[in-house]
Amino acid sequence: MAKKQSKKIAWIALIATMVGGFSGCSPKNNAGNYAPTAGVYSYNTYTSVSPSNWNALTYRDNNDTQIMDYITSPLFEYDFVYETDDDEREVKENEISISYAMATKLEDVSKLYVGEAWGVGQNETGRAWKITLRDDLKWEDGTKITANDFVYSMQEQLNPDFKNFRADSFYKGALVIHGAKDYFDGKEKEFAKVGFFAVDENAFVVLLDQPMYLLKDDGSLSYKAVYNFTSFPLVKRDLYEKSKIRPITGSTLWTSNYNSSKDTTASYGPYKLTYFQAGKWYVLEKNEQWFGWKDERYQGQYQTDRISCETVAEYNTAWMKFQRGEIDGIGIDVSIASDYKGSDQAYFTPDDFVGSVQLQSSKESLKKRESAGFDKEILSYVEFRKALSLGLDRVAYNTACTTSSRAGFGLFNSMHYYDVEEGKAYRESDEGKKVLCETYDVNVSDYGSLDNAVNAITGYDLEKARSLVNTAYQKAKSAGEISDTDKVRLTYGSAVDNEITRRNFENLNAQWKTLMKGTALENRFELVFDASFGNEWATSFRSGSYDVCQAGWRGAAWDPGYFLLAYLDPAYAYSSAWDTSSHSLTFTMTGVNGNGDVTNNASDYYSATMSLMDWYNRLNGKWGTGNLRENFRLPLIAVLEKEILTQYYTLPITNNYAASLMSYKMDYATYEYNRFLGYGGLRYATYHFDDLEWSNYLSKQGGALNYK
Amino acid sequence: MFRYIVKRIALAFLSFFIIMTTCFFLVKMLPLVVNATLGQDAEIAEAQIVARGYRDPILVQYVAYIRRILFEWDWGVGVNMPEYVGQGVWGVFIEKLPPTVLINVYSTLFAVPIGILLGIYSALKKNGWQDHLVSTLVMVFVSVPSYVTAFLVQYILCFKLGWLPLTMGAGTEYFTWTTFRSMLPAVFSLSFGSIAGYARFTRAELTEVLTSDYLELAKAKGLTKSQCVVRHALRNAMTPIIPSIIAEFIAVMSGSLIIEKIFSVPGVGRLYLTAITSLDYDFFMMLSAFYTFIGLLAGIVVDISYGFIDPRIRVGKR
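Keep in mind it's a predicted model, so treat the numbers as computed, not measured.

A. Local environment of the overall build of chain B. The helix and strand tally for chain B stands at 12 helices and 0 strands. By principal-axis analysis of the C-alpha atoms, chain B measures approximately 85 × 60 × 35 Å. Each of the 318 residues in chain B was classed as buried or not, and the buried ones make up 47%. Here chain B has roughly 15700 Å² of accessible surface; of this, 69% comes from carbon and sulfur atoms. The average position of the 26 basic charges and that of the 20 acidic charges among the side chains of chain B differ by 13 Å.

Take a look at the structure:
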């Protein structure tokens, strides 16, 4: 009896504990879920991978910048320019103004630092820049931000004990701070010898090894001030010191968990981090200490009170959340593109990403991986690679495999500007157009004008492609590399095996099988899918482990000359076996004299034969942007692009256009894409509903919203 | 029994040591590649690798690792894992374990009684239409992968009907109604397969027991049908079922990669796979250690549980 009773008591206790556990807890909302409130405007979004490290000194990728963008402020920034029409204020298309943000003044003070100590010549300009800060800059806890905070941050950025990933931003590339590299390498122990120091509480000086011209002739800010001088890191000294982690046993590397959680984060931007759960959710709310709230220039901006971002790895889940009004924007996946591309809420964002089909450049590795009855070496013939290029219907590919991207033909697309100040896009230049005509064998004289000829380019010519297949086959056969019965088997490598990669593969496979019809390789060509390379797919391709991959590049959209590095330097290029140090090019460069020195005079020229890498190094060295005028640099960029394209190791196929849907809840300032400011982002976004109105609106719609 | 348990634990520790050593050497033998994207300095990436000691001889690294674990209980920090760079691996794991465990515990609590009851009902109605119906449903749920069930649950219950949230709520207050409710879609998705499994297992065991001689004898002695089933048949049928529940209960620690992804559960499901693909040594070793430990523990617990469930089973006695 007692045993039965004790069993009963145990059961009752268990049930009571469970019920109490759930119902007894306070009814407060869980983090991330806020009760809808009138007058509060929330931007709800999602990310497929949660950020982990929004530390300006160490962040790895764009994923980390999603928090950084809101908790930091630039020294200089772009603004939209408006025009007023019938009392309506509208954003002027593709125009911007450049303003001071955290800074109030930028001065070229090179002449103050002439001498051996800093290596500045007597008449040099653009070598030393003094930046004066606003005097009302504060961290989110109200602590004043001074010039010394910038100096401390740069010292930590270059701290050799940490080997921070972002250190090279200040000694490699266009921005080279005097002494930065030596300090980072530990060769120089005193930071005072680095060209980055405070001159008073609100001003610091940056001394450069290469000149930069950040002001226009009239003394106003050039876009280069924003482009080059906005990324100086800033960390909060006391918090950063606390966040340092000693090397673990067996290691000598110091690390830091600064800006990786709510407690280790300090904001000096318009928003501050108020909640963070790794891998799940973060919330940003207005930072009352931000200087902009009291500045008239920002009036009407930053209407968003709260940014709430959930980690949702599965697109279908995010799509359902969007339709239920739980998130305020989403990309249109190719699977739903036909239904939603025409939506009034759809908008399309151009991107500098150019996607390409990459073909293996190492003949040795091709040969090594051949098996009995199967040939790969034919890929080493330029005729065969060109045939594969001309056998690609790029329009059909992009229609079938992307939501809204367009056919790509060159290494650069419409987003690459060779002269940003003048708004000159590389692809719109005559030089850029001629490259495409020559690469795809389009005769300009057949079309009356260069524009007509470029517009006629499809990159698809089956007849010529088939002829090239036969030529390559005959050459390979004569060389004894392929027999009458051998098949050509190429391996298409991928990081993952999913619907998207399979779709891309199937499309290429079908197109190339069509290409082979009527050629010596009809029914003798195979493209094999292999997703075993995982995260090492790029390295595996470069080391010759397989034959075909799809890869591309984005970045440096305003410096196409520099961007060529991605295709020429074996450290980055997918065609890593192509020896660009010995591939020679004869070219005549204008604007420089016979010694190769910059004169910017059209009658001066320099004619030489040297390797592609040597030309590249000149283009980005002494003939770099800022020294040699952009119109003189342009022809060399074009000729290098043509050399790369006509090797046919890289077959451009896609110019990225992202299609997205915007919630009914809000709007961007403009839907005309501005190359500097995009659509204006959250800074300029406006809301049609506050949180309470939106909640009521959703209830009235019965849950799911129709965006068709 | 005591000697048996001590012996098993000692063997488990030996196995643990061998497995961990093997894991360490194998993962360290994989080529360590420097991946620098355009504009990134490959030299910095390489310098970091060297400073972390990853280029030292593997034996040197192994000794340092053992010292670090044994004397400092320092499992290291994430290096390459996209969401956990610079985070302490032990802290990340401990933070992420509760949602995984809770969802799987709720799923087990939900699935076990329903599965067993369905199995009993089906066995008692053997070859009747009820049995056929249950068996058909069981076959459907056993055959359909859990991610299909998850999509259906999410689409119907969460999206179309709006009864439950589409994703798990944020926060670490796990014992609130809001969080519990947000876990239900994942719990249901995990449960259907388990319910089907338990029902099938119970039906098979119980059917066999119900036709045995001793049960006929019990009936002949005048026991009612329910007395026969509850006191004798079910008890014996439970002998193989309960260890399977314990094994599943312990296995839940590893989480479900697909279910956690679909319902945005901040659990441990994706950690192991990501650690391997990212070549994040410290994460990989810590997770390997944990799952090896859990696996060995499960083996011991299940073996010992036989003796408690069925007194006829005695370890080490001849």
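B. Quick look at the environment of A:D614. Residues and elements named next belong to chain A. Mapping D614 onto the fold places it in helix α19 (residues 612–619). Assessed through its relative accessible area of 37%, D614 is described here as partly exposed. Put simply, D614 and H583 are 31 residues apart on the chain and 9.9 Å apart in space, counted from C-alpha to C-alpha.

C. Representation of the environment of B:D310 in the model. Residue position: B:D310 is located in the segment after α12 (281–309). Sequence spacing of B:D310 and B:K28 is 282 residues, and the spatial spacing of their C-alpha atoms is 46 Å.

D. Structural view of the sheet that holds strand β10 (residues 271–277) of chain A. Residue and element names in this part refer to chain A. The 4 strands lie next to each other as β1-β12-β11-β10, forming an open sheet whose pairing is mixed. Since the sheet does not close on itself, it has two edges, and those belong to β1 (42–47) and β10, each with one partner. Across the sheet, the mean angle separating the axes of adjacent strands is 15° when strand polarity is ignored. For strand β11 (residues 281–286) and strand β12 (residues 306–311), the ladder comprises 5 bridges, and the chain directions are antiparallel. Paired with Y282 across the bridge in β12 is C309.

E. Region of the structure containing the domain arrangement of chain A. Looking at the assigned domains, one finds that chain A contains domain 1 (97–233), domain 2 (351–555 + 649–654) and domain 3 (579–646). Taking only C-alpha atoms into account, the centre of domain 1 of chain A sits 44 Å from that of domain 2 of chain A.

F. Seen up close, the nonpolar core. Ranked by internal contacts, the top residues of the largest apolar core, which has 122 residues, are A:F196, A:F204, A:F229 and A:F232. Of all the elements, α12(B) adds the most residues to this core, at 10 residues. Contact partners of A:F196, with chain neighbours within four places excluded, come to A:F150, A:V151, A:M154, A:I177, A:F191, A:F204, A:V205, A:V206 and A:F232. Grouped together as the second largest cluster of nonpolar side chains are 93 residues, A:I378, A:A551, A:M610 and A:W615 included.

Basis of the calculations
- Residues numbered from 1 in each chain as written.
- Chains lettered and ligands numbered in written order.
- Predicted model: local features only at pLDDT ≥ 70, side-chain atom pairs only at ≥ 80, totals over all residues.
- Heavy atoms only, no water.
- Helix = DSSP H or I, 4+ residues; strand = E, 2+ residues; numbered from the N terminus.
- Buried < 20%, exposed > 50% of the residue type's maximum accessible area, 1.4 Å probe, protein only.
- Areas by Shrake-Rupley, 256 points an atom, 1.4 Å probe, with all protein chains shown as cover.
- Lys, Arg positive; Asp, Glu negative; His and termini not counted.
- Charge placed at Lys NZ, Arg CZ, Asp CG, Glu CD.
- Pairing = 2+ DSSP bridges.
- Axes fitted to C-alpha atoms, helices over the stretch in contact; angles between N-to-C directions.
- Domains from an automatic or database assignment.
- Core = buried A, V, L, I, M, F, W, Y, C linked by side-chain atoms within 4.5 Å.
- Contact = heavy atoms within 4.5 Å.

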